[in-house]
Amino acid sequence: MTGLELIAVVLVAVLLMTWLARRLHLSEPLMLLGGGVLIGLTPHFDRVDLPPDAVLLVFLPALLYWEALTTSLREIKTNFRSIVLQSTGLVLVTALAVAAVAHALGYAWPIAFVLGAVLAPTDVAAVAAVVTAMPRRIVTLLRTESLLNDGTALVLLAVSLELLTTGEPFSWAGTTLRFVESYAGGAVIGAAIALALIPVRRHLKDRSLHSGLSVATPFVAFLPAEALHVSGVLAVVTCALVTSRVGPGLIRSDARLEATAFWEVTAFLLNGALFVLVGIQTPAAVRALASISLLQATMIAAAVSATVIAARVAWFYTVPYLIRLVDRRRQQRQRRIGARQRLPLAWAGMRGAISLAAALSIPATTADGQPLAQRDAVIFITVVVITVTLAVLGPALPAVVRGARFTEDADEAAEEALAVRQLAHTALAELPALADRFPVPEAITAHIAKDLRKQAAPASDRTHDQVLCRERQISTTYALEAALLGVKRAALNDLRNQALIDDNVVRRVQRHLDTEEQRLSMRMSLLQSSAHGVGEQGDGIDQGGPPPPERTCG
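Residues numbered from 1 in each chain as written. Predicted model: local features only at pLDDT ≥ 70, side-chain atom pairs only at ≥ 80, totals over all residues. Heavy atoms only, no water.

A. Geometry of the overall build of the chain. From N to C terminus, the chain includes 22 helices and 0 strands. Expressed as a percentage of the 554 residues in the chain, the buried residues total 44%. Sequence separation of at least 24 residues holds for 81% of the intrachain contacts in the chain that already meet a minimum separation of 6. As displayed, the chain offers around 27,900 Å² of accessible surface, 64% of which is attributable to carbon and sulfur atoms. (Helix = DSSP H or I, 4+ residues; strand = E, 2+ residues; numbered from the N terminus. Buried < 20%, exposed > 50% of the residue type's maximum accessible area, 1.4 Å probe, protein only. Contact = heavy atoms within 4.5 Å. Areas by Shrake-Rupley, 256 points an atom, 1.4 Å probe, with all protein chains shown as cover.)

B. Molecular detail of helix H14 (residues 319–326). Along H14, the positions that sit buried rather than exposed are Val319, Pro320 and Arg324. In an axial view of H14, the angular spread of the buried residues amounts to 145°, which keeps them on one side of the axis. Among the exposed residues of H14, those pointing more than 90 degrees away from its buried face are Leu322, Leu325 and Val326. Residues of H14 that are buried sit in contact with helix H13 (294–316) and helix H16 (339–347). (Arc of directions from axis to C-beta.)

C. Fine view of a nonpolar patch on the surface. On the surface, Leu434, Phe438, Val440, Ile444 and Ile448 cluster together into a nonpolar patch covering about 410 Å² of accessible area. Here isoleucine 444 lies in helix H20 (residues 442–456). Here isoleucine 444 falls in the partly exposed class, since its relative accessible area comes to 43%. (Patch = residues over 30% accessible without salt bridge, like charges linked within 9 Å, V, L, I, M, F, W, Y side chains within 5 Å. Salt bridge = Lys/Arg side-chain N within 4 Å of Asp/Glu carboxyl O.)

D. Expanded view of unusual backbone geometry. Of note, histidine 25 is a non-glycine position whose phi angle comes to about 60°, a positive value. By the element assignment, histidine 25 lies in the loop between helix H1 (3–24) and helix H2 (28–41). Overall, the relative accessible area of 72% leaves histidine 25 in the exposed class. At alanine 499, a residue that is not glycine, the phi angle is positive and equals roughly 60°. In this fold, alanine 499 is placed in the loop between helix H21 (464–497) and helix H22 (503–537). Take alanine 499: its relative accessible area is 66%, and that puts it in the exposed class.

E. Quick peek at the pattern of salt bridges. Counting across every chain of the model gives 7 salt bridges. Residues arginine 312 and glutamate 145 are paired through a salt bridge, measuring 2.7 Å at the closest nitrogen-oxygen approach. On the criterion of sequence distance, the pair formed by arginine 312 in helix H13 and glutamate 145 in helix H8 (residues 136–166) is long-range, its members being 167 residues apart. Each member of the pair, arginine 312 as well as glutamate 145, is classed as buried. Close ionic contact of glutamate 258 with arginine 207 constitutes a salt bridge, the shortest N to O distance being 2.8 Å. You can see glutamate 258 sitting in helix H12 (residues 253–288) and its partner arginine 207 sitting in helix H10 (residues 207–227), a full 51 residues away along the chain. Glutamate 258 sits in the partly exposed class, given a relative accessible area of 28%.

F. Here's a closer look at the packing of aromatic side chains. For the structure shown, the criterion picks out 3 aromatic pairs. Between arginine 342 and the ring centre of tyrosine 321, over which it is positioned, the NZ or CZ distance is 5.3 Å. (Phe/Tyr/Trp six-rings, centres within 6.5 Å; stacked < 30°, edge-to-face > 60°. Lys NZ or Arg CZ within 6 Å of the ring centre and 35° of its normal.)

G. Just empty space enclosed by the protein, in detail. If you walk through the whole model with that rule in mind, you get 3 cavities of 30 Å³ or more. One number sums up the size of the largest cavity: a volume of about 50 Å³. Forming the boundary of the largest cavity are Gln86, Leu90, Val91, Thr94, Ala120, Glu145, Asn149, Val308, Arg312 and Arg351. For the lining of the largest cavity, the elements supplying multiple residues, two or more each, are helix H5 (80–104), H8 and H13. Ranked by residues supplied to the lining of the largest cavity, first place goes to H5 with 4 residues. Residues of the lining of the largest cavity, tallied by class, amount to 4 nonpolar, 3 polar and 3 charged. (1 Å grid on protein atoms, 1.4 Å probe; cavity = no way out; pocket = protein on both sides within 12 Å on 5 of 7 lines; lining within 4 Å. Points joined across faces, edges and corners; volume = space filled by probe spheres on them. Nonpolar A, V, L, I, M, F, W, Y, C, P; charged D, E, K, R; others polar.)

H. Examining the side chain of serine 160 more closely. Following the sequence through the fold, serine 160 ends up in helix H8. Not counting residues within four places of it along the chain, the set of residues in contact with serine 160 comprises Phe113, Val114 and Ala117.

I. Summary view of the environment of arginine 324. Structurally, the position occupied by arginine 324 is in helix H14. The spacing of arginine 324 and arginine 336 is 12 residues in sequence and 8.8 Å in space, taken between C-alpha atoms. If we skip the residues at most four places from it in the chain, arginine 324 touches Arg336, Ile337 and Arg342.

J. Layout of the side chain of serine 355. You can see serine 355 is positioned in helix H17 (residues 353–360). Overall, serine 355 belongs to the buried group, its relative accessible area being 1%. Beyond its immediate chain neighbours, meaning those up to four positions away, serine 355 contacts Val118, Leu119, Pro121, Thr382 and Ile386.

K. Representation of the packing of H13 against H16 within the structure. Relative orientation of the contacting elements H13 and H16 amounts to 145°, with a least axis distance of 9 Å. Judged by the twist between their axes, the crossing of H13 over H16 is right-handed. Across the interface between the two elements, Arg312, Val313 and Phe316 from H13 touch Arg342, Leu345 and Ala346 from H16. A breakdown of the residues in the contact of H13 with H16 according to their chemical character gives 4 nonpolar, no polar and 2 charged. (Axes fitted to C-alpha atoms, helices over the stretch in contact; angles between N-to-C directions. Left-handed = near helix turned anticlockwise from the far one by under 90°.)

L. Representation of the nonpolar core within the structure. Ranked by size, the top nonpolar core spans 126 residues in total, and within it Leu119, Val304 and Ile381 carry the most contacts. Here this core takes 13 residues from helix H18 (residues 375–404), the largest share from any one element. What leucine 119 contacts, discounting residues up to four positions off in sequence, is Thr94, Val98, Val304, Val308, Arg351, Ser355, Ile381, Thr382 and Val385. By size, the runner-up hydrophobic cluster in this structure holds 5 residues, among which are Leu485, Leu492, Val506 and Leu520. (Core = buried A, V, L, I, M, F, W, Y, C linked by side-chain atoms within 4.5 Å.)

M. Focus on the layout of surface pockets. Taken as a whole, the largest pocket holds about 940 Å³ of empty space. Lining the largest pocket are 28 residues, with Leu69, Thr70, Ser244, Pro248 and Arg256 positioned closest to its centre. Of all elements in the fold, only helix H3 (52–69), helix H4 (73–78), H10, helix H11 (232–246), H12 and helix H19 (410–437) reach the threshold of two or more residues within the lining of the largest pocket. Ranked by the residues each element gives to the lining of the largest pocket, the list is headed by H12, at 6 residues. Looking at the second largest pocket, its volume works out to about 520 Å³. As for the second largest pocket, its lining consists of 19 residues, and the residues nearest its centre are Leu154, Val155, Ala158, Glu226 and Val230.

N. Region of the structure containing the environment of glutamine 455. For glutamine 455, the position within the fold is in helix H20. Classification of glutamine 455 as buried rests on a relative accessible area of 15%. Each C-alpha atom of the pair glutamine 455 and histidine 425 lies 8.4 Å from the other, and the pair is 30 residues apart in sequence.

Listed below in structure tokens is the structure:
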């Protein structure tokens, strides 16, 4: 079996399993994992080894970068304390709990701590696949935790492996210093890379070069940090957050659209590929088990799985309440959530390929050349815990979210409506001066001004019937223009079929049509957001009643 065969099979499995999961309304991660297991059971793929470096050096930077790039920096600042506690304190508590259980079941403390470090972090791909239908604050907490806790766990794993392979005594001072150096160094390198790329982005005029730089950025941040033995995870996350802050003023619109499309497809494929690869590795982990019996290993893995889930639930139902006793500030009291709304946070503890890669990175021998006992059991337990958390937590999470009864996140919609109105106000103010610079007929200027005034109209100035009327106008106008684009596409194909125009001409014109379609779609979305601001801000309208009768828009 060649690497190209594996890549082709994994990509096909990702597409097929994702399609099946969406068609059957099943958990996508679980379906992908199951598809990988089926592949791993076939004779042709029964000897596939997942190189840890492929996950830690190829998959991880790319996924971290895209997730961080699309995360709200404002929400991170607002929830900074919770994020830090979850990405450090919860990781350490989970690692200690797993180590204690493993030690009670017969494992020596050094290998027990290694197992704890391996299973401590949630997986960025697993969490990203299930955090839907939640308020943005909850989503930000979960996504950012999964971005940062990898760094904590990898440092903890390095310390644990050093103790295991060299036999050196544990030092609290040395370990604490290692954590501080890793986090501080990673943040500094990530920020430095992002700032160093600002003048490069400013002078790049080619769209393809912009997109290429976007692809290279996470690796440019990750590799130097790893070479200096600091957190590559934090370097990538910091670089992405800084880039998201300065990018809108530096990156051209066409380059941004192209890069966004690339990252959306890449993140989808990488996320799916990781679950499939974990599934492929599962039969191999079972076959490699030799230090203990399969029954013993399964029982230990079940106990560890329960510990991983229980430790997270216990954290979210104890630590926040202890903090409440200390921090009585008004702004903190206003941000509190109830026990029902806290359950989705506690429930979203899925493990994934990061844990498997960490387990596979455990060396086979100690520093003096002796075989490392129970390495095979650690890998097997890790695979079982990943499977259990995906199978138990993932499918049940939508029901847990529904049971939390989150109120609608109206703030985000209101902020979007505010942005639309404010942009329209600013454009209206500048329109006369710009109209003098660009000689266009007064009728066109008047039409633009009329459209801007509709966008700028405050919600209180528009009645409910006017909003509905405006929405219907938007919808029908978009449908008409979209239909005209379809007519143009058909005419373009006819010209090509008659050999009246060259294929290169077809592609260039097709690009113009595609761009126009995207412009129409985005414009409709913005206008609808402005129109929906009426209901979201409240005008005494009964949101739950039947829709009003159709009326002709005047």
